[in-house]
Amino acid sequence: MTSLASLIDVRIAGLPRGLAIQWPGGHAGARAPSVLLRLRHRSLLACLARGRIGDLADAYVRGDMEIDGEMPDVMAIAGVLAGDPVAIGRRFAPSRWLAKLRSRWQHGRERDERQVQFHYDVCDQFFGLWLDSSRVYSCAYFDTPAGELGQAQAAKLDLVCRKLQLRPGLRFLDVGAGWGALLIWAARHYGVHGVGVTLSHNQHDYANRMIADAGLSGRIEVRLQDYRDLQAAGEFDRIASVGMFEHVGRGRMDGYFHALHGLLRPGGLLLNHAISSGGLDNAQLGAGMGDFIEKHIFPGGELMHVTQAAEGLARVGFELLDAENLRPHYARTLWIWSANLERELERARGYTSESTVRAYRLYLAGSAMCFERGWLSVYQLLASKPDHPGAVAAGWSARSDYPFTRRYLAQRQTAP
């Protein structure tokens, strides 16, 4: 234990915040620390010395470790201890062929349904404690870094609608519709008729209640349905996939984009908004961080680099029109979510289990840190389905509903 304790002292000395550690029979670190870790087992010292942040987080969820300190301070320390989780994850990543084979096994219909419900059916009231009033569970779009969350989420919803050039009369599909905020915004402000799909019972029930309350039941609906069961070819003029792609898996990516391609009319537009891995070949972060997310938050979740998503779009016949990186916006969004949860910890414990509250405390703050450091990113990819397949070879012009310039993005459309 002497050598390990010495190693712990060295690790603590180089941290950006004061850290103290207590364990049975010993202690180390600062006398007036910003963060105190109280370990119930000496074995956890090895995880700390090796930078196995995910293992420490798992111990906290189990109750084998307690954390005293503010989440920003905790994550400032964790970020240094983790080293470079992108590089670590790359070293231990399986080959692309093996990863794709494993992904196909992980993302069958029944398994996808269980995995989605594991996350999104925790408790609506729990999510309502820290999301904005519209329950938008994806990256917001801030005018300034100090912007307010509700306004930023409204700006993101409107940005998606403007990129898709929504207008009255268009048929709109929202794949992975969540609690219905985007679909409601698109119908209320842009006059579309639309359908959303989700595998979450809680989201389905809540979204349709909100649709009814908004007086939009005749124009939009959210279905409890797998995207693979949407079979009306060419029915939709526009499709949005916001926060859904991460659940698809690399082994099902081509099938996903192929399904959306078939649902979109020629000339129509698709917007894919998704988290991107920081490395080209690693599907999750190292240092045990990806394992923690898989176990406690998003079972079956898989991340791909944005270039792989762009390649997948092209492979099934989409033309990439526009790409925007929202990474700083997601860091800001997650820190606000984290702060909201921290203020409501006692109420949160009344809605769900202590272990779930602990997992989400670390997930929200840890994800904010990951986006700040560039270990994760998030992109909006706008693509079209050209109205003439093989247009170039045939000597035709491939057309879509995309404007000749991007000036339209600077002007918010008025409500119908």
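So, a few notes on the structure that sits alongside this text.

## Some details on the sheet that holds strand 10 (residues 319-325)
Read across the open sheet, the 7 strands follow the order 7-6-5-8-9-11-10; overall the sheet is mixed. Lying at the two open borders of the sheet, with one neighbouring strand each, are strand 7 (220-224) and strand 10. Direction aside, neighbouring strands of the sheet carry axes that sit 15° apart on average. Where helix 11 (residues 201-213) meets the sheet, its contacts fall on strand 6 (193-198) and strand 7, and the angle it forms with strand 7 comes to roughly 165°.

## Here's the deal with the layout of surface pockets
Counted as a void, the second largest pocket has a volume near 300 Å³. Lining the second largest pocket are 18 residues; nearest its centre among them are Ser134, Ala181, Ile184, Trp185 and Arg188. At the level of elements, helix 9 (149-163), helix 10 (181-190) and helix 11 are the ones that each hand at least two residues to the lining of the second largest pocket. Ranked by the residues each element gives to the lining of the second largest pocket, the list is headed by helix 10, at 5 residues. Its residues placed into classes, the lining of the second largest pocket shows 10 nonpolar, 6 polar and 2 charged.

## Notes on the packing of helix 4 (residues 71-81) against helix 15 (residues 327-343)
It is at 11 Å that the axes of helix 4 and helix 15 come closest, and there the two elements cross at 130°. Accordingly, the angle class assigned to the pair helix 4 and helix 15 is oblique. In this structure, helix 4 uses Met71, Pro72 and Met75 to contact helix 15, whose residues at the interface are Trp335, Ser338 and Glu342. Split into classes, the residues belonging to the contact of helix 4 with helix 15 amount to 4 nonpolar, 1 polar and 1 charged.

Analysis parameters
In this convention, every chain numbers its residues from 1, walking through the sequence in written order. Under the rules for a predicted model, residues below a pLDDT of 70 receive no local features and side-chain atom pairs below 80 are neither given nor counted, while totals for whole chains, interfaces and linings still include all residues. Side-chain measures were taken over the full set of non-hydrogen atoms in the model, leaving aside hydrogen atoms and water. Between any two strands, at least two bridges found by DSSP are needed for them to pair. Working definition: helices are DSSP H or I runs of at least four residues, strands are E runs of at least two. Numbering for both runs from the N terminus. Between N-to-C directions, angles cover 0 to 180 degrees, with each direction set by a line fitted to C-alpha atoms, over the stretch in contact for helices. Whether two residues are in contact is decided by their heavy atoms: any pair within 4.5 Å suffices. Grid spacing is 1 Å over the protein atoms alone, the probe is 1.4 Å, and a cavity is where that probe fits but cannot get out, while a pocket is an open set with protein on both sides within 12 Å along at least five of seven lines and lining residues have an atom within 4 Å of a point. Grid points are joined across faces, edges and corners, and a volume is the space filled by probe spheres set on the points. Polarity classes work like this: nonpolar for Ala, Val, Leu, Ile, Met, Phe, Trp, Tyr, Cys and Pro, charged for Asp, Glu, Lys and Arg, and polar for all others, with Gly in that last group. Roughly parallel covers angles under 35 degrees, roughly antiparallel covers those over 145, roughly perpendicular covers 65 to 115, and oblique covers all other angles.

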